[in-house]
Amino acid sequence: MGSAKKSNTERKARIEEMRRAEQARERRNRILTIVASVVIVGGLVAGGVVLVQSQSDNGSGTAASDSSGKGKFVTGKDGVKTWEGELARNHVTKAVKYATQPPVGGDHNQVWMNCNGDVYTKEINNTNAVHSLEHGAVWVTYNAAAKKADVDALAAKVKKTPYTLMSPMDDQKDPIMLSAWGHQRTVTGADDPNVDKFFEKFVQGEQTPEPGAACTNGLSQ
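Conventions we followed
- Residues numbered from 1 in each chain as written.
- Predicted model: local features only at pLDDT ≥ 70, side-chain atom pairs only at ≥ 80, totals over all residues.
- Heavy atoms only, no water.
- Salt bridge = Lys/Arg side-chain N within 4 Å of Asp/Glu carboxyl O.
- Helix = DSSP H or I, 4+ residues; strand = E, 2+ residues; numbered from the N terminus.
- Buried < 20%, exposed > 50% of the residue type's maximum accessible area, 1.4 Å probe, protein only.

(A) Seen up close, the pattern of salt bridges. Enumeration over the complete set of coordinates arrives at four salt bridges. The residue Arg 89 makes a salt bridge to Glu 134 at a minimum N-O spacing of 2.7 Å. Note that Arg 89 is positioned in the loop between strand 2 (81-85) and strand 3 (116-119) and Glu 134 in helix 3 (residues 126-134), a separation of 45 residues in sequence. Residue classification places Arg 89 among the partly exposed positions, given a relative accessible area of 40%. Given a relative accessible area of 1%, Glu 134 falls into the buried group. Between Arg 89 and Glu 210 there is a salt bridge, with the nearest N and O atoms lying 3.2 Å from each other. One end of the pair, Arg 89, is in the loop between strand 2 and strand 3; the other, Glu 210, is in the segment after helix 5 (193-202), with 121 residues separating them in the sequence. In this structure Glu 210 comes out as partly exposed when scored by relative accessible area, which is 27%. Each member of the salt-bridge network shares a partner with another, and the members are Arg 89, Glu 134 and Glu 210.

Here it is, written out as structure tokens:
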């Protein structure tokens, strides 16, 4: 029992340290971010395209190639599915056809979805959410088969957990799914103990390609 409390305390301290580092980095890099945004907009072929369009994966045209299709899920004894294969990390402006739904990695938009305990009531763009996973976030998704009580309870959990986000996803296979970069699992409900286990392991976990990267000042509904 003491070990569990110590682990939870250490995890909270680690996340809080990440948040402080993120805030300091955001203040330090604010001017550089603005300059970079101007350069990106100026480099677009169509001069009339606005920045908001570059933040969406709903644009017309052929979907960007995505190497997340070069691999497969392998399910561990704990029920967590791990993607075995290459997960691309290129920034793209087109829609991406992912190998899984929800996706667990691959090419993504240059702008992340805010994931500082953000709960979205409408579906969000996969390409932005995947960028959040790259930053070490856990993404909770659900479809119409999920019970309202479970959705509400999970939303409450997400709202108090940095580096998490939640949104509906009508075409996913199971009612409630949890995703991190390269990892995914289904849970039976909000009281499933595997929810806490997944959060404990994957919120800013070892799988994170960019640990401590921002989960604020991104895209929001």
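(B) Structural context of unusual backbone geometry. At the junction of Gln 101 and Pro 102, the peptide bond is cis and its omega measures out at 0° in the coordinates. The topology assignment puts Pro 102 in the loop between strand 2 and strand 3. One non-glycine residue, Tyr 163, lies in the positive phi region at around 60°. For Tyr 163, the position within the fold is in the loop between helix 4 (148-159) and strand 5 (164-168). Judged by its relative accessible area of 1%, Tyr 163 falls in the buried class.

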